[in-house]
Amino acid sequence: MSGAFRVLVVDDEALYAQAIGAELGRRGIECELAFCARDALARAEAGSYQVVLLDHRLPDRDGISIIPNLLSLLPGSAVVMMTAYHTIPDAVAAIRHGAEDYVVKETHIQPIVDRVLELQRRARMRASADGWQEHRKSGLMGRSTGIRQVVDQLDKAGQSPETTVLLTGETGAGKEVAARYLHAISRPAGSEFIAVDCVALPGSLAESLLFGHEKGSFTGADQARAGALEEAGEGTVLLDEIGDMGEIQGKLLRVLESRCFQRVGSIKQIALRARIVAATNQDLKSRVDQGRFRLDLYQRLCVFPIHIPPLRERGDDVLMLAEHFRDFFAGKLGKEIAPLGEEVAERLLAYSYPGNVRELKNLIERAVIMTDSGRIELQHLPARLLGEGLPAGLSPAIPFDFRPGVDTLESLEKRMIEHAMEQAGHVKTEAARLLGISRFQLLRRLDRHGIRAGGRSREDDEEG
Ligand SMILES: Nc1ncnc2c1ncn2[C@@H]1O[C@H](COP(=O)(O)OP(=O)(O)OP(=O)(O)O)[C@@H](O)[C@H]1O
Ligand SMILES: [Mg+2]
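Residues numbered from 1 in each chain as written. Chains lettered and ligands numbered in written order. Predicted model: local features only at pLDDT ≥ 70, side-chain atom pairs only at ≥ 80, totals over all residues.

### Focus on the pairing of strand β2 (residues 30-34)
Thinking step 1. Across 5 bridges, the pairing between strand β1 (residues 6-10) and β2 is parallel. Bridge assignment links Arg6 to a residue of β2, and that residue is Glu30.
Thinking step 2. In this fold, the crossover linking β1 to β2 by way of helix α1 (residues 14-26) has right-handed handedness. (Pairing = 2+ DSSP bridges. Helix = DSSP H or I, 4+ residues; strand = E, 2+ residues; numbered from the N terminus. Right-handed = clockwise from strand over helix to strand, strands pointing away.)

Here it is, written out as structure tokens:
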């Protein structure tokens, strides 16, 4: 499917066809009407349509009989049969003739309109860079009720292009994946997805990064620059770790409310065309209570909150994801690896995943690398899954007798950090949480102790 999304409505009940056309038109979908089979085929030959809504009974021919012709004239398009209750069996036959689906004709046209909107979303996904299949795979995988609800909410949010969505959930749960899914279903194909990490941004830099700046607007601004909001065009800007956003919270609120902004050092108003998505793994409400997050911005973001449940609450999704990652990394490394065995599956299911999907992904990658037998065995899983307690070489307690110069506060701190990193599956945000410090503080300490971060950092955590 390519080009504009257009629908052909084929129905001899002119009023009904017109009502559908008008409703779709209101939603920005171009429609043409045909009142008999001959007319429908002529239009299919001359034009291009992504969806054909086809009535069963046409004055000149049976609707079903023209499905193959329609499909050969409009390759890749979806034919949806419109049928009365008593002809459902025929509609099923229509599917055998290549129809995508059928909808029951009722006085209400809403179900038909909804079906078209869904097909439009799918067409957009297919057109998006990753492609529909790939996206489905590397995107939001899962069959659990929790994930289905998330996808459902994202689909709804997708229908209102200006709504700011707040994604909450533990580290590694898939907030960015969810944001990318929303982007793929609701923004124009090829538009930009820009993620901005609010943790790393001190005040003035944050402002120029988001809104852009004019030449000479501050020391060092030797060139004018567009910010993320401008650069994203009609795409999406993900404000990651929004809970850590500093002084510019007020400015952001104003932008969300007025849907326009100014570059630093300029008075020209620029219209906001992108969708803003905010993400956090902190409890924003308690940040508000601590006086570290503006209540008004919080309330504004809460218009459309979507919570991504932690992996440990998603039941068998763990295995589905594990199999997906096994397949993915086996392919990447050119290895043949058998599906997971019972024992391994049991351990995977019993574990609590503080680092969520990222942790599962990392540990499956590690197991795929480690195995030489063509199958993942218990010994390839990290100790924390096998309940073996502390990793070797770590003593949990403070030593009885201090060895001067050895058991220093520094060395103990280093060991604690290493331990926390190990336990958190090398997910820094989680390790920081375990240690009760901020991610930023952790990064500084990792650096100071010369601890190599191991695993994956968020930054180079690629899709898969
Ligand atoms: N449902 C899913 N299906 C497939 N892969 C997923 C899913 N959820 C997450 N992942 C993978 O897990 C990793 C972490 O996901 P993501 O970056 O979206 O988490 P996050 O919630 O943004 O984490 P953080 O709070 O640390 O930023 C990514 O590699 C992503 O591809
Ligand atoms: Mg993230």
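Additional details are given in the paragraphs that follow.
### A short note on the confidence of the model for the protein
Close inspection of predicted coordinates is inappropriate in any region flagged by low pLDDT.
Thinking step 1. Taken over all residues, the pLDDT of the protein has a mean of 85, while the share at 70 or more is 89%.
Thinking step 2. Every residue in residues 388-400 scores below 50 in pLDDT, and together they form 7 contacts with partners more than four places removed in sequence or on other chains. (pLDDT = per-residue confidence, 0-100. Contact = placed C-beta atoms within 7 Å.)

### Describing the sheet that holds strand β14 (residues 305-307)
Thinking step 1. Reading across from one edge, β7-β10-β13-β6-β14 is the order of the 5 strands in this open sheet, with parallel pairing throughout. At either margin of the open sheet sits one strand with a lone partner, and together these are β7 (193-197) and β14. Across this sheet, the average inter-strand angle for adjacent strands is 20°, counted without regard to direction.
Thinking step 2. Here strand β10 (residues 236-240) runs beside strand β13 (residues 275-280); their pairing, made up of 4 bridges, is parallel. Within the sheet, the bridge partner assigned to Leu239 lies in β13 and is Ala278. (Axes fitted to C-alpha atoms, helices over the stretch in contact; angles between N-to-C directions.)

### Focus: the site of ligand 1
Thinking step 1. In the vicinity of ligand 1 there are 21 residues, among which Met141, Gly174, Lys175, Glu176 and Val357 approach most closely.
Thinking step 2. Listing elements by their share of the shell around ligand 1, those giving two or more residues are α8 (175-186) and α16 (356-370).
Thinking step 3. By residue class, the composition of the shell around ligand 1 is 6 nonpolar, 8 polar and 7 charged. (Near = placed C-beta within 6 Å. Nonpolar A, V, L, I, M, F, W, Y, C, P; charged D, E, K, R; others polar.)

### Concerning the sheet that holds strand β3 (residues 51-55)
Thinking step 1. The parallel open sheet is built from 5 strands, whose spatial order is β2-β1-β3-β4-β5. Whereas interior strands pair on both sides, the edge strands pair on one side only; in this sheet they are β2 and β5 (101-104). The average angle at which neighbouring strand axes cross in this sheet is 20°, direction not considered.
Thinking step 2. Of the pairings in the sheet, the one linking β3 to strand β4 (residues 78-83) comprises 5 bridges and is parallel in character. Bridged to Leu53 within β4 is Val80.
Thinking step 3. Packed onto the sheet, α1 meets β1, β2 and β3 and runs at close to 170° relative to β2.

### Quick word on the nonpolar core
Thinking step 1. Judged by nonpolar contacts, the single largest core of 62 residues is most densely connected at Leu167, Ala178, Leu182, Val237, Leu239, Val277 and Leu360.
Thinking step 2. The residues that make up this core include at least three from each of domain 2 (138-307) and domain 3 (311-386).
Thinking step 3. Discounting chain neighbours no more than four positions away, the residues touching Leu182 are Leu154, Ala157, Gly158, Val165 and Val277.
Thinking step 4. Judged by nonpolar contacts, the second largest core, of 38 residues, contains Leu8, Ala78, Ile109 and Val116. (Core = buried A, V, L, I, M, F, W, Y, C linked by C-beta atoms within 7 Å. Buried ≥ 20, exposed ≤ 12 C-beta atoms within 10 Å, placed from the backbone. Domains from an automatic or database assignment.)

### A few points about unusual backbone geometry
Thinking step 1. Non-glycine residue Arg259 carries a positive phi angle of around 55°.
Thinking step 2. Tracing the backbone shows Arg259 in the loop between α11 (249-258) and β11 (260-261).
Thinking step 3. Backbone geometry places Asn356, a non-glycine residue, at a positive phi of 55°.
Thinking step 4. Turning to its location among the elements, Asn356 is positioned in helix α16.

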